[in-house]
Amino acid sequence: MSKTVAEQWCDMLAADGQRQLYSLAGECDNVLMETLHREKRWKRRTELQQEDAAVLAASAGARLTGETQVCYAGCLPGLYRIRAAMAEAAENRDRLLVLGVLPSDSRLSDGPGGCCHAEIVQYPEEAVPTLTEALRRTDTGRGPVLLLIREEVAGMPAGDVICPPRQAIRVQPLRPHPADVAEMASILNKSERTVFLCGGGCEGAREELLLLAQRLQAPVVFTMAGKQVVEGNNELAIGMTGIMGWGAAPAAVMDCGLLVMWGTDFPYPEYLPAHGNVVQVDSDPAALGRRCRLRLAVAGDVREVARELLPLVKRGMNDDFATAMRSLHRRELARSEQYVRNTDDRLPLRPELVTRVVSDHAEPDAVFCVEVGAPMLWCARYLHPSGKQRLTGAFRSGLGESALPMGIGAKSAYPSRQVIAVCTAEGVLRHLNELLTLQREHLSLKILVLQRLLPDSMRIDRAATSAPFSVAEVAAAMGLKAGRIHQAQLIHHAVRSWLAESEASLLEAVVDAHAMSAPPEVMVRGENGQHRLVNRAAGEHFIRIIYGNRRFLR
């Protein structure tokens, strides 16, 4: 008996036994899903509850491993739920192949395929060449592919089409043009007050960049994606700029004579200098000059550019600017440490303290999946990954409530490593049924919930006598090991016990509702240069913020 199209796809996807499958739990409702679940050659198979959670988990696995991940996302109408998750994967060019089924006589208008490359297989003879091209696209790092097949086609005989053997594709880093490298070296040798702004594209180039920064005495500023690359054990690292800015980074960027943007498409042009003396290096030519006026645009891999620059760049003699920025950075850090030093149980637990304690007790190779919003701000300032630790999240697209499914994907990709998902209560509730996934798949994911109990806004029952809503109680009712902490004196013991659990566990930290999740100041560009605008909060909310933080005011 000849194979079906679905079986032919499984042979192509699982032939080498290296690909990982993320799919949906439940009964098989079509031929493709049944065939995928019956296949035994997967490296690992993780079944999630929701379509968007499966895509987010697969994208996190692809981002951390650098390998193509396969995800089955179901059929209509559930496919419309994955649009935001596909947009997140497309922003990061994740090596992700998402499979789906179109029922007979149905149409996919501008749904999930509107934000990434999408193909529809309508005839059996299209199945093999379409899947081959999709795998070639993902393996070469050109972004995710959504591949849909008609329900009736998946069960048809495959015919005489021969599946081509999978070829190993080696993608070479983009080499910069020699003239661009020479011009950049000339600019660096002549410039003073040089500042490096490093993003996620610097991964793999840490050694070369730090050598270059040391030679130029250039302070190093980083984005959230670049934090894990250049912050640890770097005396020139001075924090972050932008809406999550901290340390001396905002002042250094606005006062620099030359800004070099390494591997970052920084999305906040109001936090970049207006003088236009900016050099940008990126492997994506489309990102060059997108955010600000450039003096020089260099298309090339960050590591390749930095490696070719090292023999051409002279050692800088004047380190006054770097010394001043490091001194300012130490003062700013001392000011922010007051949130961590306060351990008075008579006062509310601070999220800054919780984040720092988790950072201190995490394993040396831990993976942090951080939710966009307040947790991302606190992790940017108080979570310091070092060594082999990894940090990921929807940093580019800003997709909220994604840390829990991304944590599942990270744990599936690295079963032996500690994975910590830093979430809000809303993020856990959004994917509450994925707590069942952790138990069914035996994934020992650690979930940290930063719970801010604002009056009436986070209670199920808004009556005056109602008790505050507890995520830990819900998780415990679902069979998960869960605890709740609201006392600063117990935070170290609670975090150690939580991280030591051999199974999936959740720790809910009830933190100060008045903790500022917005930056203390916003940079605004005026007609005559730069000036600062104090927090945009106003009225009663502004008074509440000041009152709640009165003990930290000087």
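Everything that follows concerns the structure shown earlier in this document.
Conventions used here
Residues numbered from 1 in each chain as written. Predicted model: local features only at pLDDT ≥ 70, side-chain atom pairs only at ≥ 80, totals over all residues. Heavy atoms only, no water. Buried < 20%, exposed > 50% of the residue type's maximum accessible area, 1.4 Å probe, protein only. Helix = DSSP H or I, 4+ residues; strand = E, 2+ residues; numbered from the N terminus. Polar contact = N/O pair within 3.5 Å; in protein donor to acceptor, adjacent residues only side chain to side chain. Expected span 1.5 Å × (residues − 1). Axes fitted to C-alpha atoms, helices over the stretch in contact; angles between N-to-C directions. Parallel < 35°, antiparallel > 145°, perpendicular 65-115°, else oblique. Left-handed = near helix turned anticlockwise from the far one by under 90°. Contact = heavy atoms within 4.5 Å. Salt bridge = Lys/Arg side-chain N within 4 Å of Asp/Glu carboxyl O. Core = buried A, V, L, I, M, F, W, Y, C linked by side-chain atoms within 4.5 Å. Pairing = 2+ DSSP bridges. Phe/Tyr/Trp six-rings, centres within 6.5 Å; stacked < 30°, edge-to-face > 60°. Lys NZ or Arg CZ within 6 Å of the ring centre and 35° of its normal.

Asks: Give me the lowdown on helix H11 (residues 302-309), citing residues and values where you can.
Replies: Residues Val-302, Glu-304, Val-305, Ala-306 and Leu-309 constitute the buried set of H11. With a side-chain oxygen positioned 3.1 Å from the backbone nitrogen of Arg-303, the residue opening H11 is Asp-301.

Asks: Requested: an account of helix H5 (residues 127-139), with residues and values cited.
Replies: A rise of 1.5 Å per residue sets the reference length of H5, with its 13 residues, at 18 Å; its end C-alpha atoms lie 18 Å apart and thus fit the reference within 8%. Listed in full, the buried residues belonging to H5 are Ala-127, Val-128, Thr-130, Leu-131, Thr-132, Ala-134, Leu-135, Thr-138 and Asp-139. Gly-141, located one to two residues past H5, shows a positive phi value of around 75°.

Asks: Now, about unusual backbone geometry: what can you tell me, with residues and values included?
Replies: For the bond running from Leu-76 to Pro-77, omega is 0°, close enough to zero to count as cis. Structurally, Pro-77 can be placed in the loop between strand E3 (69-75) and helix H4 (83-91). One non-glycine residue, Arg-93, lies in positive phi territory at about 55°. Within the fold, Arg-93 resides in the loop between H4 and strand E4 (96-102). The phi dihedral of Asn-233 falls on the positive side, at around 55°, and the residue is not glycine. Take Asn-233: it is sitting in the loop between helix H9 (227-230) and strand E9 (239-240). Asn-233 gets classed as exposed once you look at its relative accessible area, which sits at 76%.

Asks: Which residues make up the packing of helix H1 (residues 5-14) against H5, and what values go with them?
Replies: With their axes 10 Å apart at the nearest point, H1 and H5 run at an angle of 30° to one another. By the angle class used here, H1 and H5 are roughly parallel. Crossing geometry of H1 relative to H5 is assigned as right-handed. Facing Val-5, Gln-8, Trp-9, Met-12 and Leu-13 of H1, the residues of H5 in contact are Ala-127, Val-128, Leu-131, Thr-132 and Leu-135.

Asks: With reference to specific residues and values, describe the pattern of salt bridges.
Replies: Pairs may arise between side chains of opposite charge once their charged atoms sit close together. According to the stated counting rule, one finds 32 salt bridges in the structure shown. Across the pair Glu-304 and Arg-307 runs a salt bridge, and its minimum N-O distance is 4.0 Å. In this pair, Glu-304 and Arg-307 both sit in helix H11, three residues apart, roughly one turn of the helix. Taking the shortest distance from any N to any O, the salt bridge between Glu-401 and Arg-430 comes out at 4.0 Å. Residue Glu-401 is located in the loop between strand E15 (390-393) and helix H16 (403-413), and its partner Arg-430 is located in helix H17 (residues 425-430); the two are separated by 29 residues in the primary sequence. Glu-401 sits in the partly exposed class, given a relative accessible area of 29%. Taken together, the salt bridges that share partners define one network made up of Arg-175, Glu-208, Arg-303, Glu-304, Arg-307 and Glu-308.

Asks: Describe in detail the nonpolar core, supporting the description with residues and values.
Replies: Residues Trp-9, Leu-32, Leu-99 and Ile-447 are the most contacted members of the largest nonpolar core, which totals 82 residues. Top element by residues in this core is helix H3 (residues 51-65). It accounts for eight residues. Ignoring any residue separated from it by four or fewer positions in sequence, one finds Ile-447 in contact with Leu-404, Ala-421, Cys-423, Val-428, Leu-435, Leu-438, Trp-498, Ser-505, Leu-506 and Leu-507. The next biggest cluster of nonpolar side chains, apart from the first, holds 74 residues, and it includes Ala-213, Val-302, Ala-306 and Val-511.

Asks: I'd like a rundown of the sheet that holds strand E13 (residues 296-299), residues and numbers included.
Replies: Adjacent strands of a sheet form backbone hydrogen bonds with each other and so pair up, either parallel or antiparallel. Strand order in the open sheet formed by five strands is E8-E7-E11-E12-E13, and the pairing between neighbours is parallel. Each edge of the open sheet carries a strand with a single partner, namely strand E8 (220-222) and E13. Mean inter-strand twist for the sheet, computed between neighbouring axes without regard to direction, equals 15°. The pairing of strand E12 (residues 278-282) with E13 spans four bridges and is parallel. Bridged to Asp-282 within E13 is Ala-299. In the packing of helix H7 (residues 178-190) onto the sheet, contacts are made with strand E7 (194-198), strand E11 (258-262), E12 and E13, and the angle to E13 comes to roughly 135°. Relative to E7, helix H8 (residues 206-216) is tilted by about 165°, and along the sheet it contacts E7, E8 and E11.

Asks: Quick rundown of the sheet that holds strand E17 (residues 446-452)? Include the residues and the values.
Replies: The parallel open sheet is built from six strands, whose spatial order is E15-E14-E16-E17-E19-E18. Only two strands of the sheet have a single partner each, and these edge strands are E15 and strand E18 (481-485). Geometrically, the sheet is characterised by an average inter-axis angle of 20° between neighbouring strands, direction not taken into account. When strand E16 (residues 419-424) meets E17, the two strands line up parallel, connected through five bridges. Across the sheet, the residue bridging to Thr-424 is Leu-450, located in E17. Against the sheet, H3 makes contact with strand E14 (367-370) and E15, and its axis sits at roughly 145° relative to E15, the strand it touches most.

Asks: Let's hear about the packing of aromatic side chains: which residues, and what values?
Replies: Per the counting criterion, the structure on display carries four aromatic pairs. Between Phe-222 and Trp-246 the ring centres are 6.2 Å apart and the planes differ by 70°, which places this aromatic pair in the edge-to-face class. Note that Phe-222 is positioned in strand E8 and Trp-246 in strand E10 (residues 246-247), a separation of 24 residues in sequence. The class of Phe-222 is buried, set by a relative accessible area of 1%. Both rings, one in Phe-266 and one in Tyr-268, keep their centres 5.5 Å apart while their planes meet at 80°; by these two values the pair is edge-to-face. Accessibility expressed as a relative area gives 28% for Tyr-268, which makes it partly exposed. In textbook terms, an aromatic cluster arises when at least three aromatic residues are bridged by ring pairs, as seen for Phe-266, Tyr-268 and Tyr-271. The ring of Tyr-414 carries the charged tip of Arg-417 above its face, separated from the ring centre by 4.7 Å.

Don't take any of this as a statement about function, it's just geometry.
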